[in-house]
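For reference, the chains in residue letters:
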Amino acid sequence: LDRMRMIQDAHEIEILRRNGKLSSKAVIEAMRATRPGAMEYELEAAAVAHILKNGAAGPAYAPIVGSGPNSCVWHYNRNHRKMQAGEVVLMDFGADLNHYAMDITRTWPVSGKFTQEQREAYKVALEVQKACIDAYRPGVTSQDVRDHVAEVMKEKGIDPRGLTGGIGHYVGMATHDVGPRGVPLQEGMVFAIEPGLYYPEKELGIRIEDTVLITADGCEVLTKDVPKEIDEVEALLAQRKMK
Ligand code: GLY
Ligand code: MN
Ligand code: MN
């Protein structure tokens, strides 16, 4: 059964694609609900309301909404802090749609604009994540992905020290799905790619996570509808109605 879960068939891919769109829109709703003084659970509520209204069974795992110091807490899900301008909020969220999971993380500034320090850390995580996505294709191993990322970082003059969680995990009927580690990628596999940088002393954690489907010649980002480029994130936040 574990081997059967490793490769998604056409029907499973159709559900996963729909879930990618649904969960992306839910995270966008949470971004729109963000403002200084809002509680973390208000963002969770916005995302959960969206998926429930659109046919999901619920979240695929306990939603993580960590602002300020909580952005550094792995699998934080109390979601009970009031967020402040000047901080980032890290949200890790995915729906359970027809028994298939999705896994997205975005990190954004509560005020709507990243500080210089946040921006620099964000750029490192984003470049690493994009380099991983670039490398994902049939036949590639996790070592090949690591080598490609190292090469791209050297070319761009980026120091990725402190980065964790780049390569990620299978996604399918479970968020952390079963499957053999270290095997070359095959068409029909689905993975979450989730690099992050965490500086607890600065109360700053950045993670950017997308779920991707391995295709015949690369990969398809199922969660591409949620913005992750800095200017796109700031543009979306600029459209909010601040109460
Ligand atoms: N949401 C759990 C994880 O990203 O692995
Ligand atoms: Mn996640
Ligand atoms: Mn993940």
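Residues numbered from 1 in each chain as written. Chains lettered and ligands numbered in written order. Predicted model: local features only at pLDDT ≥ 70, side-chain atom pairs only at ≥ 80, totals over all residues. Heavy atoms only, no water.

### Quick notes on the coordination of the manganese ion (ligand 3)
Every protein donor of the manganese ion (ligand 3) is listed here as Asp103 (OD), His169 (NE2), Glu194 (OE) and Glu209 (OE), and their distances to the metal cover 2.0 to 2.3 Å. All donors of the manganese ion (ligand 3) belong to a single chain; written as a sequence motif, their spacing is D-x65-H-x24-E-x14-E. For the pair the manganese ion (ligand 3) and the manganese ion (ligand 2), the metal-to-metal distance amounts to 3.3 Å, and Asp103 bridges them. Of this pair, Asp103 sits in the loop between strand E5 (100-101) and strand E6 (104-109) while His169 sits in strand E8 (residues 169-170), and the two are 66 residues apart along the sequence. His169 shares its class with Asp103; the two are buried. (Donors = N, O, S within 2.8 Å, 3.2 Å for Na, K, Ca; no water. Helix = DSSP H or I, 4+ residues; strand = E, 2+ residues; numbered from the N terminus. Buried < 20%, exposed > 50% of the residue type's maximum accessible area, 1.4 Å probe, protein only.)

### Some words on the environment of Met189
Along the chain, Met189 turns up in the loop between E8 and strand E9 (190-193). On the accessibility criterion, Met189 (0% relative accessible area) is buried. If sequence neighbours within four positions are ignored, Met189 has contacts with Met6, Ile7, Tyr170, Val183, Pro184, Val212, Leu213 and Ile214. (Contact = heavy atoms within 4.5 Å.)

### Side note on the site of ligand 1
Contacts to ligand 1 come from Tyr61, His75, Asp92, Asp103, His169, His176, Glu194 and Glu209. Asp92 places a side-chain nitrogen or oxygen 3.1 Å from a nitrogen atom of ligand 1. Between an oxygen atom of ligand 1 and a side-chain N or O atom of Glu209, the distance comes to 3.2 Å. A total of 190 Å² of accessible area belongs to ligand 1 in isolation, and the protein chains cover 96% of it. (Near = heavy atom within 4 Å. Polar contact = N/O pair within 3.5 Å; in protein donor to acceptor, adjacent residues only side chain to side chain. Areas by Shrake-Rupley, 256 points an atom, 1.4 Å probe, with all protein chains shown as cover.)

### Some thoughts on the pattern of salt bridges
Within the structure shown, the criterion is met by 16 salt bridges. Linking Asp177 and Arg5 is a salt bridge whose minimum nitrogen-to-oxygen distance equals 2.5 Å. Here Arg5 lies in helix H1 (residues 2-6) and Asp177 lies in the loop between E8 and E9, a separation of 172 residues in the sequence. Using a relative accessible area of 26% as the deciding quantity, one classes Arg5 as partly exposed. Taking the shortest distance from any N to any O, the salt bridge between Arg17 and Glu220 comes out at 2.7 Å. Of the two residues, Arg17 is situated in helix H2 (residues 10-32) and Glu220 in strand E13 (residues 219-221); the sequence distance between them amounts to 203 residues. On the basis of relative accessible area, Arg17 is assigned to the partly exposed category, the value being 39%. (Salt bridge = Lys/Arg side-chain N within 4 Å of Asp/Glu carboxyl O.)

### Description of the coordination of the manganese ion (ligand 2)
Working reference: metal with six octahedral donors, ideal angles 90 or 180 degrees; metal with four tetrahedral donors, ideal angle 109.5 degrees. The coordination sphere of the manganese ion (ligand 2) contains the protein donors Asp92 (OD), Asp92 (OD), Asp103 (OD) and Glu209 (OE), at a distance range of 2.0 to 2.4 Å. Each of the 6 donor atoms bound to the manganese ion (ligand 2) contributes to angles spanning 57 to 170°, and the resulting shape is irregular. Each donor residue of the manganese ion (ligand 2) lies on the same chain, and together they follow the pattern D-x10-D-x105-E. (Tetrahedral: all angles 85-135°; square planar, octahedral: opposite > 155°, others 65-115°.)

### Regarding the packing of aromatic side chains
Across all of its chains, the model carries 4 aromatic pairs by this definition. Between Tyr136 and Phe191, the aromatic rings sit 5.8 Å apart at their centres with planes inclined by 80°, giving edge-to-face as the arrangement. Linking Tyr136 in the loop between helix H4 (116-135) and helix H5 (142-156) with Phe191 in strand E9, this pair joins segments that are 55 residues apart in sequence. Of the two residues examined, Tyr136 and Phe191, each falls in the buried class. Among the aromatic residues, those joined into a cluster by ring pairs are Tyr136, Tyr170 and Phe191. Here the basic side chain of Lys202 rests over the ring of Tyr199, its NZ or CZ set 4.9 Å away from the ring centre. (Phe/Tyr/Trp six-rings, centres within 6.5 Å; stacked < 30°, edge-to-face > 60°. Lys NZ or Arg CZ within 6 Å of the ring centre and 35° of its normal.)

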